[in-house]
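# Structure at a glance
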Amino acid sequence: MVLLESEQFLTELTRLFQKCRSSGSVYITLKKYDGRTKPTPRKSSVESFEPAENKCLLRATDGKRKISTVVSSKEVNKFQMAYSNLLRANMDGLKKRDKKNKSKKTKPAQ
């Protein structure tokens, strides 16, 4: 997985969307990130780890290539605006799902 800066992540995400426009999917995940790179042991009385600031970890993949970035709380507004514009620009090729007609089952009269 490649850890990129915020602007590099957005440009690579645009490339992923363009590559998967005709066929394929792009998976995006977002989670809170506390800066740890190793898991905490189960049975330990180690003092709790307090991060200096809140961060978000964004990951994107098309099944073959993975990219990620860490966004700090200071730059989250700027990143969110650029990210939402990118999503709006690239979500226009979505296909509508076929709705299955569910016939209402009536209770038999007694």
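I will try to describe carefully the structure that is included in this document. Being a predicted model, the structure only gives us computed values, none of them experimental. Numbers given for residues are sequential positions, taken from 1 along each chain in its written order. Owing to the predicted nature of the model, reporting of local features is limited to residues with pLDDT of at least 70; listing and counting of side-chain atom pairs is limited to 80 or more, with chain, interface and lining totals taken over all residues. The side-chain quantities take in all heavy atoms of the structure and omit both hydrogens and water.

### Quick word on the nonpolar core
Let me state the cut-off plainly: The criterion is simple. A nonpolar core is a set of buried Ala, Val, Leu, Ile, Met, Phe, Trp, Tyr and Cys residues joined through side-chain atoms within 4.5 Å. With a 1.4 Å probe rolled over the protein chains alone, any residue whose accessible area is under 20% of its type maximum counts as buried; one over 50% counts as exposed, and the rest are partly exposed. Numbering of helices and strands runs from the N terminus; a helix is a DSSP stretch of H or I covering at least four residues, while a strand is a stretch of E covering at least two. Any two residues whose heavy atoms approach within 4.5 Å at even a single point are treated as in contact.
Residues Phe9, Leu13, Ile67, Phe79 and Tyr83 are the most contacted members of the largest nonpolar core, which totals 14 residues. Mapped onto this core, the elements with two or more residues apiece are helix 1 (6-19), strand 3 (55-61), strand 4 (66-72) and helix 2 (76-90). With five residues, helix 1 is the largest single contributor of residues to this core. Beyond its immediate stretch of four places on either side in the chain, Tyr83 contacts Leu10, Leu13, Ile28 and Leu58.

### Here we look at the pairing of strand 4
Applied cut-off: Two strands form a pair only when DSSP identifies at least two bridges running between them.
Within strand 4, five of the seven residues are buried, which leaves it mostly tucked inside the rest of the structure. Both strand 3 and strand 4 contribute to a ladder of seven bridges, which runs antiparallel. Across the sheet, Thr61 pairs through a bridge with Lys66, a residue of strand 4. Connecting strand 3 to the antiparallel partner strand 4 that follows it, the hairpin turn spans four residues, and Gly63 within it adopts a positive phi of roughly 100°.

### Remarks on the packing of aromatic side chains
Heads up, the condition is: Here a pair means two rings of Phe, Tyr or Trp (six-membered ring of Trp) with centres within 6.5 Å. Their orientation is stacked below 30 degrees between planes, edge-to-face above 60, and tilted elsewhere.
All chains considered together, the criterion is met by two aromatic pairs. Between Phe79 and Tyr83, the aromatic rings sit 5.8 Å apart at their centres with planes inclined by 10°, giving stacked as the arrangement. Of this pair, Phe79 and Tyr83 both sit in helix 2, four residues apart, roughly one helical turn. This pair shows no difference in class: Phe79 is buried, exactly as Tyr83 is. An aromatic cluster is built from Phe9, Phe79 and Tyr83, whose rings are joined through pairwise contacts.

### Section: the packing of helix 1 against helix 2
Test applied: Axes here refer to lines fitted to C-alpha atoms; in helices the fit is confined to the stretch in contact. Angles between the N-to-C directions go from 0 to 180 degrees. Should an angle lie under 35 degrees it is considered roughly parallel, over 145 roughly antiparallel, and from 65 to 115 roughly perpendicular; all remaining angles are considered oblique. Asp, Glu, Lys and Arg are counted as charged, while Ala, Val, Leu, Ile, Met, Phe, Trp, Tyr, Cys and Pro are counted as nonpolar; the rest, among them Gly, fall into the polar class.
Packing of helix 1 against helix 2 leaves a shortest axis separation of 11 Å and a crossing angle of 10°. By the angle between their axes, helix 1 is roughly parallel relative to helix 2. The segment helix 1 lies against helix 2, with Ser6, Glu7, Phe9, Leu10, Leu13, Thr14, Phe17 and Gln18 engaging Lys78, Phe79, Ala82, Tyr83, Leu86, Leu87 and Asn90. Per-class residue counts for the contact of helix 1 with helix 2 are nine nonpolar, four polar and two charged.

### Looking at the side chain of Thr61
The condition that has to hold: Throughout this description, a polar contact denotes any pair of N or O atoms lying within 3.5 Å of each other; where both atoms belong to protein, one of them has to be capable of donating a hydrogen while the other can accept it, and for residues adjacent in sequence the pair is counted only when both atoms sit in side chains.
Within the fold, Thr61 resides in strand 3. On the basis of relative accessible area, Thr61 is assigned to the buried category, the value being 19%. A polar side-chain atom of Thr61 sits 3.0 Å from the main-chain amide nitrogen of Gly63. Filtering out sequence-adjacent residues up to four positions away, Thr61 remains in contact with Ser25, Val26, Tyr27 and Lys66.

### Quick look at the sheet that holds strand 2 (residues 27-33)
Sheet strands line up and pair through hydrogen bonds in the backbone, either parallel or antiparallel. With mixed pairing, four strands are arranged side by side in an open sheet as 1-4-3-2. Where the open sheet ends on each side, the last strands, each with one partner, are strand 1 (2-4) and strand 2. Taken over all neighbouring pairs, the strand axes of this sheet differ in orientation by 25° on average, direction set aside. In this sheet, strand 3 lies alongside strand 2 in antiparallel orientation, the contact comprising seven bridges. Opposite Thr29, over in strand 3, you have Arg59 as the bridge partner. Packed onto the sheet, helix 1 meets strand 1, strand 2, strand 3 and strand 4 and runs at close to 145° relative to strand 4.

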